[in-house]
Amino acid sequence: MKAKSLKVKPFSGECKSTILEQWKTCVESANSITEKRNNSNNIFITINTALFAVITFSFDCKSILLSIIGILICILWICLISSYRKLNIVKYEIINEIEKELPLAPFTSEWEKLNIEQKYINLTTIEKILPCLFIILYSISIIYPVFKIILTFICPCMGGTVS
């Protein structure tokens, strides 16, 4: 959906005032989505930190299952981040379209300046780093017990312990 498909319907009354109020509503909605996004990230960080803490106490077969669950949680987290990104893109396209009817366009100007300087790193890219790091940690938590079990069979003299 392109924001350009929005059309201002002719109506009587204070059109500019109504457009400004609609713009405010859209901005509040976009801010609300950003707040929900931050809250969901905090929840996923808490879940993954707690799960990984449990895993590190027992690198055994149970930790393999918990690590697989952790990887699935991280995949869900990445999908949620992408979904929020898509939702925000559409919301800001609409906000930018409404701004064409206003005397100032702060969000449009902000993005133009960020794109000109090209020093801006997309927030979604930064957000996805943490679940990817957790996936790496969970993968190590799967490999370590498997390696420990294999080593026990290859070298029984180790007595099942890896130093």
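Residues numbered from 1 in each chain as written. Predicted model: local features only at pLDDT ≥ 70, side-chain atom pairs only at ≥ 80, totals over all residues. Heavy atoms only, no water.

## Some words on the pattern of salt bridges
- The tally for this structure, following the rule as stated, stands at 3 salt bridges.
- In this structure, the salt-bridge partner of Lys-24 is Glu-21, at a minimum N-O distance of 3.4 Å. Here Lys-24 pairs with Glu-21, and both are found in helix 1 (residues 15-56), just 3 residues apart, close to one helical turn.
- On the basis of relative accessible area, Glu-21 is assigned to the partly exposed category, the value being 42%.
- Across the pair Glu-127 and Arg-37 runs a salt bridge, and its minimum N-O distance is 2.4 Å. One end of the pair, Glu-127, is in helix 4 (residues 123-154); the other, Arg-37, is in helix 1, with 90 residues separating them in the sequence. The residues Glu-127 and Arg-37 share a single accessibility class, namely buried. (Salt bridge = Lys/Arg side-chain N within 4 Å of Asp/Glu carboxyl O. Helix = DSSP H or I, 4+ residues; strand = E, 2+ residues; numbered from the N terminus. Buried < 20%, exposed > 50% of the residue type's maximum accessible area, 1.4 Å probe, protein only.)

## Some details on the side chain of Glu-99
- By the element assignment, Glu-99 lies in helix 2 (residues 61-99).
- As a buried residue without a salt bridge, Glu-99 has its nearest oppositely charged side chain in Lys-100, at a separation of 9.6 Å. (Lys, Arg positive; Asp, Glu negative; His and termini not counted.)

## Things to note about the confidence of the model for the chain
- Residues at a pLDDT of 70 or more form 87% of the chain, whose mean pLDDT is 84.
- Looking at the elements of the chain, mean pLDDT is at its lowest for helix 3 (residues 106-117), recorded as 81, and at its highest for helix 2, recorded as 93. (pLDDT = per-residue confidence, 0-100.)

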